[in-house]
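Fold and geometry: a report
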Amino acid sequence: ALQVDASGDAPGGGAPGGGGTSRQELCGEQVVLGLALALEKLCTLVVQPEKLTCFHSCHPPAVSLRVYLARIRQCFGCSIECYALCMVYIDRLMKLRPDIRVSNLSCHRLLICSMVLAAKFHDDIFYSNTFYAKVGGLRLEELNALERAMLRLLGYKLFVQPEEFGNYRACLEHAARGWVSGK
């Protein structure tokens, strides 16, 4: 669980670890990179025109998905498991609602919303939606509405069986290793 100091801030501004890079930290970074790669790949699969949903913005955000995810990684201070859960939730959402696709217009909002749900569901310590909205560049009311919508669309089912979780985490790590070796 995240350690919080007396000021209420995560150590190092929410940045994980410190010191040398352990195997666990390396695997964690692979999960985060794998999530970015998976979402970027999904964005390329969208056939235009797409049906707009509450997760769509009017214009593609100015910040890239990787920069956005790096900001979330730095500020949220959540466990690595949340990044794999994020992918599970987005995948479940797309299976339940085929009209919801990950695209350049929806990926940032789907990412922030599913990360908030994962942090709240999995981690013992998490921040307020006011904090998460600031990190994500959204108004509080907008994040609250997105969170309600995603919960409702997922049927409030956030639990992930260990085997399913392991499969998603392994896929994200595999994607990252493939990308790094292909550079």
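Please refer to the structure placed before this passage.
Below is a short write-up of the structure. In this text the structure is predicted, and so the values were computed from the model without any measurement. (Residues numbered from 1 in each chain as written. Predicted model: local features only at pLDDT ≥ 70, side-chain atom pairs only at ≥ 80, totals over all residues. Heavy atoms only, no water.)

For the structure shown, the criterion picks out four aromatic pairs. Aromatic pair Tyr127 and Tyr132: ring centres 6.2 Å apart, planes at 80°, arrangement edge-to-face. Pair check on accessibility: Tyr127 and Tyr132 agree, each one buried. Look at Phe131 and Tyr132: their rings are 5.9 Å apart centre to centre, the planes differ by 65°, and that puts the pair in the edge-to-face class. On the basis of relative accessible area, Phe131 is assigned to the partly exposed category, the value being 28%. A relative accessible area of 1% means that Tyr132 is categorised as buried. (Phe/Tyr/Trp six-rings, centres within 6.5 Å; stacked < 30°, edge-to-face > 60°. Buried < 20%, exposed > 50% of the residue type's maximum accessible area, 1.4 Å probe, protein only.)

So, about the environment of Val32. Along the chain, the position of Val32 falls in helix H1 (residues 23-44). On the basis of relative accessible area, Val32 is assigned to the buried category, the value being 9%. Distance from Val32 to Arg66, taken between C-alpha atoms, is 9.5 Å for residues 34 residues apart in sequence. When residues no more than four places from it in sequence are discounted, the contact partners of Val32 are Leu69, Arg73, Ile80 and Tyr83. (Helix = DSSP H or I, 4+ residues; strand = E, 2+ residues; numbered from the N terminus. Contact = heavy atoms within 4.5 Å.)

All right, on to the pattern of salt bridges then. Inspection of every chain in the model, using the stated rule, returns eleven salt bridges. For Arg109, the salt bridge identified is with Glu142, shortest N-O distance 2.8 Å. Of the two residues, Arg109 is situated in helix H4 (residues 107-122) and Glu142 in helix H6 (residues 140-153); the sequence distance between them amounts to 33 residues. A relative accessible area of 17% places Glu142 in the buried class. Residues Arg169 and Glu173 are paired through a salt bridge, measuring 3.0 Å at the closest nitrogen-oxygen approach. Of this pair, Arg169 and Glu173 both sit in helix H7 (residues 162-181), four residues apart, which is roughly one turn of that helix. (Salt bridge = Lys/Arg side-chain N within 4 Å of Asp/Glu carboxyl O.)

Let us now look at helix H3 (residues 81-96). Over its 16 residues, H3 extends 22 Å from the first C-alpha to the last, a length consistent with the 22 Å expected when each residue adds 1.5 Å. Burial runs high along H3: 13 of the 16 residues are buried. (Expected span 1.5 Å × (residues − 1).)

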